[in-house]
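Overview (structure and organization)
Spelled out from the first residue to the last, the chains are:
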Amino acid sequence: MTDLRQLPLELALEPRFGEEDFLISESNGDAYGLIESWPEWSDKALALSGPAASGKSHLAAIWASRSKARVLSARALNKADIPALVSARAVVIEDVEKGNLPEAALFHLINLAQERQAFLLFTGVGDPALWPVTTPDLVSRFRRLAVALIAAPDDALIRALFVKLFVDRQL
């Protein structure tokens, strides 16, 4: 007798971080506008802040694509070649709020980027002034950062996200 059970296929969907995949609403429109305004930022460093899963990494990926930035997590800075990183002229540092940061490497990155006129984009949850750093110069630099704030998603964005996710999965 033949076994007629259906076998599920593991067809994982890769997240897409293209500009055409980013949905703009009132909750993220201002942050998107700041990313769009690059390279005309008032300062060469910007913090992209918002709740978890609000689109920070997606916006950072859009900016990285435009600026040809190098992207890495804040915790990976201790293993990074900072001069090589800054030579890209644009750098994204993700998840600064998660703590246990290599503060000496972060401080070196900020100083070298400033010296070489490179752009920096930091992502994290919450106010950059409250990100978990203890080095006084880092604390003051994070307090002075311009902030692109993403708010919690509004109903229109949630609805649009559901439609997009269903279409992505051909449902």
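Notes on the structure in this doc start here.

Definitions and limits used
- Residues numbered from 1 in each chain as written.
- Predicted model: local features only at pLDDT ≥ 70, side-chain atom pairs only at ≥ 80, totals over all residues.
- Heavy atoms only, no water.
- Phe/Tyr/Trp six-rings, centres within 6.5 Å; stacked < 30°, edge-to-face > 60°.
- Helix = DSSP H or I, 4+ residues; strand = E, 2+ residues; numbered from the N terminus.
- Buried < 20%, exposed > 50% of the residue type's maximum accessible area, 1.4 Å probe, protein only.
- Salt bridge = Lys/Arg side-chain N within 4 Å of Asp/Glu carboxyl O.
- Patch = residues over 30% accessible without salt bridge, like charges linked within 9 Å, V, L, I, M, F, W, Y side chains within 5 Å.
- Areas by Shrake-Rupley, 256 points an atom, 1.4 Å probe, with all protein chains shown as cover.
- Axes fitted to C-alpha atoms, helices over the stretch in contact; angles between N-to-C directions.
- Parallel < 35°, antiparallel > 145°, perpendicular 65-115°, else oblique.
- Left-handed = near helix turned anticlockwise from the far one by under 90°.
- Contact = heavy atoms within 4.5 Å.
- Nonpolar A, V, L, I, M, F, W, Y, C, P; charged D, E, K, R; others polar.

All chains considered together, the criterion is met by 8 aromatic pairs. Centre to centre, the rings of tryptophan 38 and phenylalanine 119 are 5.6 Å apart; their planes meet at 75 degrees, and the pair counts as edge-to-face. Taken together, the residues span a long stretch of sequence, with tryptophan 38 in the loop between helix 1 (29-36) and strand 1 (45-49) and phenylalanine 119 in strand 4 (residues 119-124) at a distance of 81 residues. The exposure class assigned to phenylalanine 119 is buried, which follows from its relative accessible area of 10%. For the ring pair phenylalanine 122 and phenylalanine 142, a centre distance of 5.5 Å and an interplane angle of 80 degrees mean the geometry is edge-to-face. Residue phenylalanine 122 is found in strand 4, and its partner phenylalanine 142 is found in helix 5 (residues 136-144); the two are separated by 20 residues along the sequence. Among the residues examined, phenylalanine 142 registers a relative accessible area of 2% and is labelled buried. Chaining the aromatic ring pairs together yields one cluster made of Trp38, Trp41, Trp63 and Phe119.

A full pass over the atoms with the stated rule returns 4 salt bridges. Note that glutamate 19 is salt-bridged to arginine 66, the shortest N-O span being 2.4 Å. A residue pair is termed long-range when its members are at least 10 positions apart, and glutamate 19 in the segment before helix 1 and arginine 66 in helix 2 (residues 56-67) qualify at 47 residues. Look at glutamate 19 and you get partly exposed, because its relative accessible area is 33%. For arginine 66, a relative accessible area of 29% gives the class partly exposed. Where glutamate 36 meets arginine 66, a salt bridge forms, and the shortest distance between an N and an O atom there is 2.2 Å. Taken together, the residues glutamate 36 in helix 1 and arginine 66 in helix 2 connect sequence positions 30 residues apart. Given a relative accessible area of 35%, glutamate 36 falls into the partly exposed group.

Glancing now at a nonpolar patch on the surface. Residues Ile158, Phe162, Phe166 and Leu171 make up a contiguous nonpolar surface patch of about 430 Å² in total accessible area. You can see leucine 171 is positioned in the segment after helix 6 (155-168).

All right, on to the packing of helix 4 (residues 103-115) against helix 5 then. Contact geometry for helix 4 and helix 5: axes closest at 10 Å, N-to-C directions at 55 degrees. Viewed along their axes, helix 4 and helix 5 adopt a mutual orientation that is oblique. Note that helix 4 runs across helix 5; the crossing there is left-handed. Contacts between helix 4 and helix 5 involve Glu103, Leu106, Phe107, Ile110, Asn111 and Gln114 from the former and Asp137, Leu138, Arg141 and Phe142 from the latter. Among the residues making up the contact of helix 4 with helix 5, the classes are represented as 5 nonpolar, 2 polar and 3 charged.

Look at helix 1 against helix 2: their axes get within 10 Å of each other, and the N-to-C directions meet at 15 degrees. What the angle tells us is that helix 1 and helix 2 run roughly parallel. At the point where helix 1 passes helix 2, the crossing takes the right-handed sense. Facing helix 1, whose interface residues are Ala31, Tyr32, Ile35 and Glu36, helix 2 presents Leu59, Trp63 and Arg66. Taken together, the residues that form the contact of helix 1 with helix 2 break down as 5 nonpolar, no polar and 2 charged.

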